[in-house]
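Listed below, chain by chain, are the residues.
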Amino acid sequence: MTAKVLLSPDSSVTARHLAVGHRPRKECLLAAALTNNTIEIRKDTKEIAKLRGHTKMITGLKFSANDVNLLYSCSEDGTVRIWDLRQNVQVGKLEDCSTGTPKPFCSFDVNLDDTLACCGTELFREDSFLLFWDLRSSKLLGGYWESHTDDITGVQFNPTESNVIASGSTDGLINVFDISQETEDDALLSTMSTDSSIDVFRWYSASNIACLTHIETIQLWDVSQARRLVAFSREDATSSFKRFGETDSAAILASLSTSQNEAVGVVVASRNGVTYLVTVEDNKELVVHSALSGVYKEQICKAYWDMENGVAVTCDESGLLSYWHSNSQVH
C-alpha cells in the first residue's frame, strides 16, 4: 500500500471520526472530525476547508450515499449538521427542542435516499432515545425510548429494507426495528444480547450484523434468528498476524468495514506501530488482508477502512493522518 502523510500543525489535535467520499474521476474526499470540534476536509490529501459549528464533541460523520458533496455530522451538542462541500457551508440542522435541554447525540445514520435520519442519544433523564427526522423538512417525526437502558452508540439503516433499522448500546443489546409500525413494541423485530457493551456495528448483509464490543471482541450475528454465528477475541486477532513476526498484544480499533460481497473487515493496531487490515473468512477465522507500517509517530488511535474502494485512513495520537490505497492483498 502507499501512504500520503497528512500532518496537523497542532500536535494537541487528533481525529475522533473519519469518513471518505469518492467523487468522479477517482477524486477522494476525506472528512476528519477533530478533538477541537471542527471538521477538516481534504481532497486527495490536500486540506481544502475547516467546518465550524458544533460546540461539543463530534460523535459521527457520514457522506451522503447519493451526493458526495453532502456531509452529515452529529455531536454531543444535540445537533446533526448538514454541510455542502461545494461551498463548504452548513445548509441544514436537525435538533430536538422538545425538552428545552438538548439531548446529546452519540450516533446517527441517514437512509439510502437521504429522506430520513435517525440519532441515538446518551442516557438522558433515565431514558435513551432513538429520534427520527424527515430530512426534506427537518421535521422531528418521533422516537423510541423503551428498548435501551444506556447510551446508544450506533444506529444503521438496513442496506436493502428502507423501513428496517438497527441500534446498538452500551447496555449490550442490538435491537432491530421495523419503523413502519405504529408503536415501539410492534416495531421491535429482534433483540441480540452481546454480553458486553457495543462499540460499533455494521450490517454486512440484509440479514446479518457484525459488531465490535468495548472488550474488543468481534461478533457476527444472524438477525432473523437472533443467533450469534461466531465471536473472536483480541487474542484471536493477534494470532492472525503472528506470521509477520508479531509477539505483542494488539488493540482492535473501532472500525468495521463491509463490502457488497458480504465480507467483514476490522482494523487491528499492534504495539510496534504496524496496523493490520483483517478480514473474517467463512465465519471461521481472521486473515490478514494488508499490513500498514512505516509512518507512525505514536500509537494508532483511529482508523477508517473502505473495503469496497480499497482505501484506508489512520490517525495516531499525535494527530498524524495517513492515507492508504491498494487493490492488492498481503500474502
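These figures come from a predicted structure and were not determined experimentally.

Novice: Can you break down the pairing of strand β24 (residues 275-281) residue by residue, with the values?
Specialist: Burial analysis of β24 places 6 of its 7 residues in the buried class, which makes it a mostly covered element. Pairing of strand β23 (residues 264-270) with β24 involves 6 bridges; the strand directions are antiparallel. When the sheet's bridge partners are listed, Val268 is paired in β24 with Tyr276. Joining the antiparallel neighbours β23 and β24 is a turn of 4 residues, in which Gly273 adopts a positive phi near 95°. Summarising the sheet, β24 and strand β25 (residues 285-292) pair through 7 bridges and their orientation is antiparallel. Bridge pairing in β25 links Val278 to Val288. Taking the residues between adjacent antiparallel strands as the criterion, β24 and β25 are bridged by 3 residues, where Asp282 takes a positive phi near 55°.

Novice: Please provide a residue-by-residue account of the side chain of Asp316, values included.
Specialist: Relative to the helices and strands, Asp316 is located in strand β27 (residues 311-316). Here Leu320 takes part through its backbone nitrogen, which lies 3.0 Å from a polar atom of the side chain of Asp316.

Novice: With reference to specific residues and values, describe the sheet that holds strand β15 (residues 164-169).
Specialist: With antiparallel pairing, the 4 strands of this open sheet are ordered in space as β14-β15-β16-β17. Two strands in the sheet have a free side with no partner beyond their single neighbour: β14 (152-157) and β17 (188-193). Direction aside, the axes of adjacent strands within the sheet are offset by 15° on average. Where strand β16 (residues 173-178) lies against β17, 5 bridges are found, and the strand directions are antiparallel. The partner of Ile174 across the bridge, within β17, is Met192.

Procedures and definitions
Residues numbered from 1 in each chain as written. Predicted model: local features only at pLDDT ≥ 70, side-chain atom pairs only at ≥ 80, totals over all residues. Heavy atoms only, no water. Buried < 20%, exposed > 50% of the residue type's maximum accessible area, 1.4 Å probe, protein only. Helix = DSSP H or I, 4+ residues; strand = E, 2+ residues; numbered from the N terminus. Pairing = 2+ DSSP bridges. Polar contact = N/O pair within 3.5 Å; in protein donor to acceptor, adjacent residues only side chain to side chain. Axes fitted to C-alpha atoms, helices over the stretch in contact; angles between N-to-C directions.

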